[in-house]
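Listed below, chain by chain, are the residues.
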Amino acid sequence: MKRENNKNKKIIEILLAVAISTIGMLLGIYYLPLQFLIFLYGIPFIVIGVKYEINISIISMIISILAIGLVTDYISGISLLITFLPLSISLIYAIKSRRKPLEIMTISTIVLIVSFFIIFSIMGNVTGISIVNQMDEFFTQILNTQLELLGEMELSPHEIFRFKDSMEDKINEILLQIPSMIMIFSLIMTYINYLISVLILRKLGYGIVYIPRFSRFKLPNNILLGVGIMFLGTFLLKIFKLSYYETIFMNITLLASFVFFVQGLAVIDYKLKEKKRNLFLRLIVILFFILVLPLGTYIAFLGVLDVIFDFRKIRKPV
């Protein structure tokens, strides 16, 4: 009788995971205010895979994606499969193997980055237009719309030309930084899926799962040396006048700014936590710094200083 009840409970949880993910994805696709649900799609399947078996998680996700593909289109279904199935599998294996949070994040982020580049390659072959060209067309349309609005404001031709020239430089800069943007987005998406999955598993009594605390996030001790070597490498590219110097330099700069910015935010969160500030206030403060300050500001500098001086005293002795 008990075995039968456990079996029924398992079936109900699996069906519930499929229903929640499928409905959440459809809501995210068709309703813009709920678009964030798209990035949480894999969480129920990660929980099912860790709690039961990975095969059950894979089959459940395939059923869900087939249902979504029937409602939307097969391209969306293929994109979802390539994006979330490898990510879910890597997180399930890493969590069940009791890997360290940094290892879990590193492995799963790399898997997600590869998935994104596969999708972009497939989309480029299907449409004949690369992701860079698509984004270039998108930004150009926005720029043309803004120029039309400026023309109606009776600005001088010189002012309009300066604005156009400035915006074109910013667009080119964004296009050059697409690789690092994909990496940053993959890292954030992986962390959200990992964190929420772990919290749910803890609530369900899966006690061996370690919860990654943002306040204790820290970069490797030799990160400054690594970043310095990368910048030295790009400087050598410039000296020898090799191609893609600017692209490599801008991507390294963005990635370095981002990781030090995250470490700086972790220091702030740690200090707020130390002062017994509640979770809501800590989230507000962190969101304020994320939305108001660009990556390469005082927060990133705080992250660099924390790597050197270890303000939180969490570094393990060598």
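Please read all numbers here as calculations on a predicted model, not as lab measurements.

Q: Go over the nonpolar core, please, and point to the residues and values.
A: Of all hydrophobic cores here, the largest spans 38 residues; its most connected members are M25, Y41, M61, F84, I95 and Y194. Broken down by secondary-structure element, the contributors of at least two residues to this core are α1 (2–30), α2 (43–51), α3 (54–71), α4 (74–96), α5 (101–127), α6 (131–152), α7 (157–176) and α8 (178–203). Sort the elements by how many residues they give to this core and α4 lands first, with eight residues. Not counting residues within four places of it along the chain, the set of residues in contact with M61 comprises Y41, G42, F45, F84, L85 and S88. Counting residues in hydrophobic clusters, the runner-up holds 14 residues, among them I223, A256, F289 and V307.

Q: For empty space enclosed by the protein, give the residues involved together with the corresponding values.
A: The gaps left among the atoms become clear once a water-sized probe is rolled over them. With the rule as written, the count across this model stands at one cavity of 30 Å³ or more. Taken as a whole, the largest cavity holds about 70 Å³ of empty space. Every residue lining the largest cavity is listed: K218, L219, P220, N221, Q263, D306, V307, D310, R312, I314 and R315.

Q: How would you summarise the packing of aromatic side chains if you had to cite specific residues and measurements?
A: Taken as a whole and assessed by the stated rule, the structure comprises nine aromatic pairs. Plain terms: the ring middles of Y41 and F84 are 5.2 Å apart, the flat faces sit at 65° to each other, and that makes the pair edge-to-face. Separated by 43 residues along the polypeptide, Y41 in the loop between α1 and α2 and F84 in helix α4 bring together distant segments of the chain. Judged by relative accessible area, which is 2%, Y41 ranks as buried. Clustering of aromatic rings is evident, with ring pairs tying together F39, F116, F117, F120 and F185.

Q: Describe the side chain of S115, listing the residues and the values that go with them.
A: Locating S115 in the fold gives a position in helix α5. Not counting chain neighbours up to four residues away, the residues in contact with S115 comprise I82, T83 and P86.

Q: How would you sum up the side chain of T234? Please name residues and give values.
A: Mapping T234 onto the fold places it in helix α9 (residues 223–239). Excluding anything up to four places from it in sequence, T234 contacts Y245, I248, F249 and I252.

Q: I'd like to hear about the pattern of salt bridges, residue by residue, with values.
A: Evaluated as defined, the whole model comprises five salt bridges. The partner of E103 in a salt bridge is R99, and the shortest N-O contact between them spans 3.5 Å. On the basis of relative accessible area, R99 is assigned to the partly exposed category, the value being 42%. For E274, the salt bridge identified is with K271, shortest N-O distance 3.8 Å. You can see E274 and its partner K271 sitting in helix α10 (residues 245–274), three residues apart, about one turn around the helix. Looking at E274, the relative accessible area reads 46%, which means it is partly exposed.

Q: Which residues make up α6, and what values go with them?
A: Taking 1.5 Å of rise per residue, the 22 residues of α6 would be expected to cover 32 Å, and the 32 Å separating its terminal C-alpha atoms lies within 8% of that figure. Within α6, burial applies to F139, L143, L147 and L150. In an axial view of α6, the angular spread of the buried residues amounts to 85°, which keeps them on one side of the axis. Exposed residues on α6 whose side chains face more than 90 degrees from its buried face are Q141, E148 and E152. Here the buried face of α6 lies against α7.

Q: Can you break down the layout of surface pockets residue by residue, with the values?
A: Empty space within the second largest pocket amounts to approximately 880 Å³. For the lining of the second largest pocket, the secondary structure elements donating two or more residues are α1, α4, α5, α6 and α8. Element by element, the count of residues in the lining of the second largest pocket is highest for α4, at six residues. Residues that form the lining of the second largest pocket fall into these classes: 19 nonpolar, seven polar and no charged.

Q: Talk me through the packing of α8 against α10; I want residue IDs and the actual numbers.
A: Two elements in contact, α8 and α10, have axes whose closest approach is 8 Å; the angle formed by their N-to-C orientations is 25°. Our classification of the angle between α8 and α10 gives roughly parallel. Of the two elements, α8 crosses α10, and the hand of that crossing is right-handed. Contacts between α8 and α10 involve I178, P179, S180, M181, M183, I184, L187 and I188 from the former and N251, L254, L255 and F258 from the latter. Of the residues assigned to the contact of α8 with α10, the class counts are ten nonpolar, two polar and no charged.

Rules of the game
Residues numbered from 1 in each chain as written. Predicted model: local features only at pLDDT ≥ 70, side-chain atom pairs only at ≥ 80, totals over all residues. Heavy atoms only, no water. Core = buried A, V, L, I, M, F, W, Y, C linked by side-chain atoms within 4.5 Å. Buried < 20%, exposed > 50% of the residue type's maximum accessible area, 1.4 Å probe, protein only. Helix = DSSP H or I, 4+ residues; strand = E, 2+ residues; numbered from the N terminus. Contact = heavy atoms within 4.5 Å. 1 Å grid on protein atoms, 1.4 Å probe; cavity = no way out; pocket = protein on both sides within 12 Å on 5 of 7 lines; lining within 4 Å. Points joined across faces, edges and corners; volume = space filled by probe spheres on them. Phe/Tyr/Trp six-rings, centres within 6.5 Å; stacked < 30°, edge-to-face > 60°. Salt bridge = Lys/Arg side-chain N within 4 Å of Asp/Glu carboxyl O. Expected span 1.5 Å × (residues − 1). Arc of directions from axis to C-beta. Nonpolar A, V, L, I, M, F, W, Y, C, P; charged D, E, K, R; others polar. Axes fitted to C-alpha atoms, helices over the stretch in contact; angles between N-to-C directions. Parallel < 35°, antiparallel > 145°, perpendicular 65-115°, else oblique. Left-handed = near helix turned anticlockwise from the far one by under 90°.

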